[in-house]
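Architecture at a glance
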Amino acid sequence: MKALYSLFAVCSLMFAACSDNKPVELYNTKAALPSSPKYNLDGLKVITSFVNKTKGTASTLYGNDLALKSAIDGNKTVGANEVFTLVTWKQQDDDHWFGAKIPSNVESVEVIKTTSSGNSVAVNYQQLNGKSLDLKADTSGQSERIKYILGQKPSVLP
Amino acid sequence: MAMKTNRKPMYQRKAFLIILILFAGFLCIQFVRPDVPNPPVTGDLEAPADVKAIIQRACYDCHSNNTNLRWYDKIVPIYWGVASHIKQGRADLNFSEWNKLAPADQKGKLWESVNQIIAGAMPLPGYTAVHTGAKVSAADLAVLKNYLASMVHSKPADTAVINAADRQYQYWQKNKTAVSKLPTAANGISYIPDYKNWQPISTTERFDNNTLRVIFGNDIAVKAIKENKIHPWPNGAIFAKVAWAQLQDKDGTTHTGEFKQVEYMIKDDKKYASTYGWGWARFKTPKMVPYGGSNVMFTTECMNCHKPMAAEDFVFTQPIKH
């Protein structure tokens, strides 16, 4: 009889497991960037991705085709019409996997655009901060950031 | 006269007969017993005593060669289910043959197991309903998680790792990694070179196995994300998840090092109906060696790991929608 009760318990529990409706969080809404004319990721490709474990940040460097090509060549020379965009997020624990961290709130979006001006190439840098993508007015340190971003080695994507 | 009054109505006699036949049948099937042997232990899991005690109590009945069957497990037809669970359980993960796994795979199996417990997929709810002692409490789970966390070490990459990554990079940079013929996995899925032109839908830092990952989605997947139509994902949606070894520099930044693999999930609820509606494949190294070789059963591994995500259409990644 106990066996019969056990079987009944097993069946009812299996049934309960099937109808168990845990809340499903389909999107990572925290990490979403607000739509803004200040940046545009459409058509950009992944150049590389990296994390900073001390700061707890995750970054992805995007680029248009010209930027990707230059990056693979080591950015020895900077050509015109290249677009690099570095997005940096705070990290959060991945609810779906103990042992993983995924992007959380956006920290900054840095956009580099190169344009030809006469015989040389002008490099424009903009840093947008926080969820509201506020343009950083302070221009000091820009050349270091440009150097840092252009110095990123692309990820091997065979 | 007396006989007539003692006589039970016809329907009662019939019911008695049916019960008798069922009982006889029940007794007969007791002799149809699949064998559940306990093969020798070749190399048992080694872990701190408190950790091991939890794993033994919660997992060993099905995931070791030290199965302890209770009397009520041995009653057919329950026993048939028990026997098949043990067979399957040992094939997927066997702590008694732990030495047969490479150290990296042992680590991977432990993290996967704890994640299955967190997701409520393991131990099987039907099993813990009867074997209440096998339940993993919140305190038990904390012990397991702490043990895993203690195995994580983060340090700057050594020269050998840096050199290996550099060699691979130079090879790729000179476009030498391009494959002429597309490698194909045992389930017929071929490597899709175009994944790198797709949009990234998320990234992951995996501190459990020291990799960095980027998850790409094809146009159909990206469109579905934009239109909030990912539950379920539409047919034709494809993900490519790329994994690299972590390469930590002295400033604390961790870059993508050696390319490890690219994994695909291809949605087609008809073509791949038998594998949760998804086609699964993994290609390792820049040579794109199909995982599983010629054995199509590799998909069982994919499915087992993704099973707890059934409510999310078997997808772990929460896409970032801009």
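See above for the structure.
Anyway, here's the lowdown on the structure attached to this text. (Residues numbered from 1 in each chain as written. Chains lettered and ligands numbered in written order. Predicted model: local features only at pLDDT ≥ 70, side-chain atom pairs only at ≥ 80, totals over all residues. Heavy atoms only, no water.)

1. As for the overall build of chain A
Along its length, chain A carries three helices and six strands. For chain A, the succession of helices and strands along the chain, N to C, is α-β-β-α-β-β-β-β-α. For chain A, the proportion of its 158 residues judged to be buried stands at 46%. At a minimum sequence separation of 6, the contacts of chain A that also span at least 24 residues come to 49%. Counting only carbon and sulfur atoms, one obtains 56% of the accessible surface of chain A, whose full area is about 8400 Å². (Helix = DSSP H or I, 4+ residues; strand = E, 2+ residues; numbered from the N terminus. Buried < 20%, exposed > 50% of the residue type's maximum accessible area, 1.4 Å probe, protein only. Contact = heavy atoms within 4.5 Å. Areas by Shrake-Rupley, 256 points an atom, 1.4 Å probe, with all protein chains shown as cover.)

2. Section: the pattern of salt bridges
All names here are of chain B. All told, the structure shown has 17 salt bridges over all chains when counted by the stated rule. Residue R70 is joined to D61 by a salt bridge in which the shortest nitrogen-to-oxygen separation is 2.6 Å. Assessed through its relative accessible area of 9%, D61 is described here as buried. With a shortest N-O distance of 3.3 Å, K100 and E97 are connected by a salt bridge. Taking relative accessible area as the criterion, K100 reaches 56% and is therefore assigned exposed. Classification of E97 by relative accessible area gives partly exposed; the value is 22%. (Salt bridge = Lys/Arg side-chain N within 4 Å of Asp/Glu carboxyl O.)

3. A word on the interface of chain A and chain B
In this assembly, 50 residues from chain A lie in contact with 69 residues from chain B. Carbon and sulfur atoms make up 63% of the surface buried where chain A meets chain B, a total of about 5500 Å² over both sides. Taken as a group, Y27, F98 and P158 of chain A account for 16% of the area that chain A buries against chain B, more than any other trio of residues on that side. Here chain A is connected to chain B by two salt bridges. D166 of chain B is paired through a salt bridge with K153 of chain A; the nearest N and O atoms lie 2.7 Å apart. Of all elements in the fold, only α1 (2–18), β1 (45–52), β2 (57–63), α2 (65–72), β3 (83–93) and β4 (100–117) of chain A reach the threshold of two or more residues within the side of chain A that touches chain B. Tallied by class, residues from the side of chain A that touches chain B come to 29 nonpolar, twelve polar and nine charged. In terms of strand pairing, β1 of chain A meets strand β4 (residues 253–267) of chain B through two bridges, oriented antiparallel. Paired with V51 of chain A across the bridge in β4 of chain B is T254 of chain B. (Buried area = accessible area lost by both parts, 1.4 Å probe. Nonpolar A, V, L, I, M, F, W, Y, C, P; charged D, E, K, R; others polar. Pairing = 2+ DSSP bridges.)

4. Regarding unusual backbone geometry
Residue P77 of chain B is reached from V76 of chain B by a cis peptide bond, and omega for that bond is 10°. Relative to the assigned elements, P77 of chain B resides in the loop between α3 (49–63) and α4 (78–92). At the junction of M122 of chain B and P123 of chain B, the peptide bond is cis and its omega measures out at -15° in the coordinates. The phi torsion at N75 of chain A lies on the positive side, around 50°, for a residue other than glycine. Tracing the backbone shows N75 of chain A in the loop between α2 and β3. With a phi close to 65°, Y276 of chain B is a non-glycine residue in the positive phi region. Take Y276 of chain B: it is sitting in the loop between β4 and β5 (278–284). When its relative accessible area of 25% is taken as the criterion, Y276 of chain B is described as partly exposed.

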